[in-house]
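# Structure at a glance
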Amino acid sequence: MTKSSRRRFLKTTAAASAAAIAAGAYAAPADGWIELFDGKSLAGWHKNPMRIGHGTGGNWQVEDGTITGEQDPPGSGNGGILLTDREFGDFELSIDLKPDWGICSGLFVRANDRGQGMQMMVDYHDAGNVGEIYGEGVGGFNTRTFDINGKLDADKKLTGYTTDKPKTAAEAGLIYACTPQEWIAAWKISDWNTARVLCTGKYARLTTWINGQKICEFDGATSTAARYEKDKVAEQLGTQGSIVVQVHGGKNWPSGAKCRWKNIRVKPLA
């Protein structure tokens, strides 16, 4: 390779790398999946730039190849969100999560810097729910068909779950919802769990899975969920936005508890 050819090669490679970082994307396999987290840094991500309802942003770090989030400082009530710099419209998302028991987190799609978005709940606490849909900052609609409650042993270690307040999918404004027993069978205690989210359409149609178990299906064009106003939500969010992970604000987050995320991959569909 001549010196001039080498200079052109290095210049082209550097430009491509810079473009990839600016897009918040890393290796893009041939099957169309884009890696959103490099396992080493928060390149391609940013905290909410302004104070939102949950706080100034929370504390986000990369620890042992995972993104970890907690309140800043721990137990202070000050939370926030971490957003991808790149925005997505119709896509399939795969992400591994490992929340500590007692936290209230969430996975947002089509979200913005103001903390508004369609949320897959990660309310991993008593009277919580993981996997169904909530309207974060867009009316507060909730499609929960059951609550989970923790079963603790004498050392206060989580050993299982009970469920409460069951509803049918139709009552919650969903097309489909798994049973509480199916959720319990799918979720792995004190271990990593893989969530999958499919998001399509002007009025977001969202389907969620945990470890291969379909959890729920929400059709934004037809949902009758209480407080859900499809045109208002569509106007607020548009048809694309960031993918977001959350540290909930408030004093109910246990001091020192964390949410953890890794293997974050998205496949754009349009």
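Our subject in this report is the structure included herewith. (Residues numbered from 1 in each chain as written. Predicted model: local features only at pLDDT ≥ 70, side-chain atom pairs only at ≥ 80, totals over all residues. Heavy atoms only, no water.)

### As for helix α4 (residues 230-237)
Buried within α4 are the following residues: Val233, Ala234 and Leu237. The arc enclosing the buried residues of α4, seen along the axis, measures out at 100 degrees, which places them on a common side. Packed against the buried residues of α4 are β7 (103-111) and β8 (117-124). Immediately beyond the C-terminal end of α4, within one or two residues, lies Gly238, with a positive phi of roughly 70 degrees. (Buried < 20%, exposed > 50% of the residue type's maximum accessible area, 1.4 Å probe, protein only. Helix = DSSP H or I, 4+ residues; strand = E, 2+ residues; numbered from the N terminus. Arc of directions from axis to C-beta. Contact = heavy atoms within 4.5 Å.)

### Some words on the pairing of strand β15 (residues 213-219)
Across the seven residues that make up β15, a large majority, five, are buried. Two elements, strand β12 (residues 176-177) and β15, share two bridges in a ladder whose sense is antiparallel. Bridge pairing links Tyr176 to Glu217 in β15. Relative to β15, strand β14 (residues 205-210) runs antiparallel, the two sharing six bridges. Along β15, the bridge assignment pairs Leu206 with Phe218. In textbook terms, the turn of a hairpin is the stretch between consecutive antiparallel strands, and for β14 and β15 this stretch comprises two residues, one of which, Asn211, has a positive phi near 50 degrees. (Pairing = 2+ DSSP bridges.)

### Some words on unusual backbone geometry
A cis amide bond links Asp72 with the next residue in sequence, Pro73, at an omega value of -10 degrees. A positive phi angle, near 60 degrees, is found at Lys156, a position not held by glycine. Along the chain, Lys156 turns up in the loop between β10 (147-152) and β11 (158-164). In this structure, Asn263 is a non-glycine residue whose phi angle is positive, near 50 degrees. As for its placement among the helices and strands, Asn263 is situated in strand β17 (residues 259-268).

### What to know about the sheet that holds strand β5 (residues 80-84)
Picture the strands of a sheet paired through backbone hydrogen bonds; they go either parallel or antiparallel. The sheet built from six strands is open, its strands ordered β2-β5-β16-β7-β8-β9 with antiparallel pairing. Single-partner strands in this sheet number two, and they are β2 (45-47) and β9 (129-136). Between one strand axis and the next, the sheet turns through 25 degrees on average, direction left out of account. In this sheet, β5 lies alongside β2 in antiparallel orientation, the contact comprising three bridges. Within the sheet, the bridge partner assigned to Trp45 lies in β5 and is Thr84. (Axes fitted to C-alpha atoms, helices over the stretch in contact; angles between N-to-C directions.)

### What about the pattern of salt bridges?
Side chains bearing opposite charge may pair, as long as their charged atoms lie close to each other. Following the criterion strictly, the structure yields 10 salt bridges and no others. Residues Asp90 and Arg110 are paired through a salt bridge, measuring 2.8 Å at the closest nitrogen-oxygen approach. Pair noted here: Asp90 is in the loop between β5 and β6 (91-97) and Arg110 is in strand β7, with a separation of 20 residues, a long-range link. Between Asp219 and Arg205 there is a salt bridge, with its nearest N and O atoms 3.0 Å apart. You can see Asp219 sitting in strand β15 and its partner Arg205 sitting in strand β14, a full 14 residues away along the chain. Arg205 sits in the partly exposed class, given a relative accessible area of 31%. In this structure, a network of salt bridges that share partners links the residues Arg205, Lys214, Glu217 and Asp219. (Salt bridge = Lys/Arg side-chain N within 4 Å of Asp/Glu carboxyl O.)

### Some details on the environment of Lys188
Relative to the elements of secondary structure, Lys188 occurs in the loop between α3 (180-186) and β13 (193-200). Remark: the alpha-carbon pair of Lys188 and Asn211, spanning 23 residues in sequence, is separated by 8.7 Å. Each residue touching Lys188, except ones within four places of it in the same chain, is listed here: Asn193 and Asn211. Separated by 3.4 Å, the side chain of Lys188 and the backbone oxygen of Trp192 make a polar contact. (Polar contact = N/O pair within 3.5 Å; in protein donor to acceptor, adjacent residues only side chain to side chain.)

Functional significance is not addressed by these values, which are geometric in nature.
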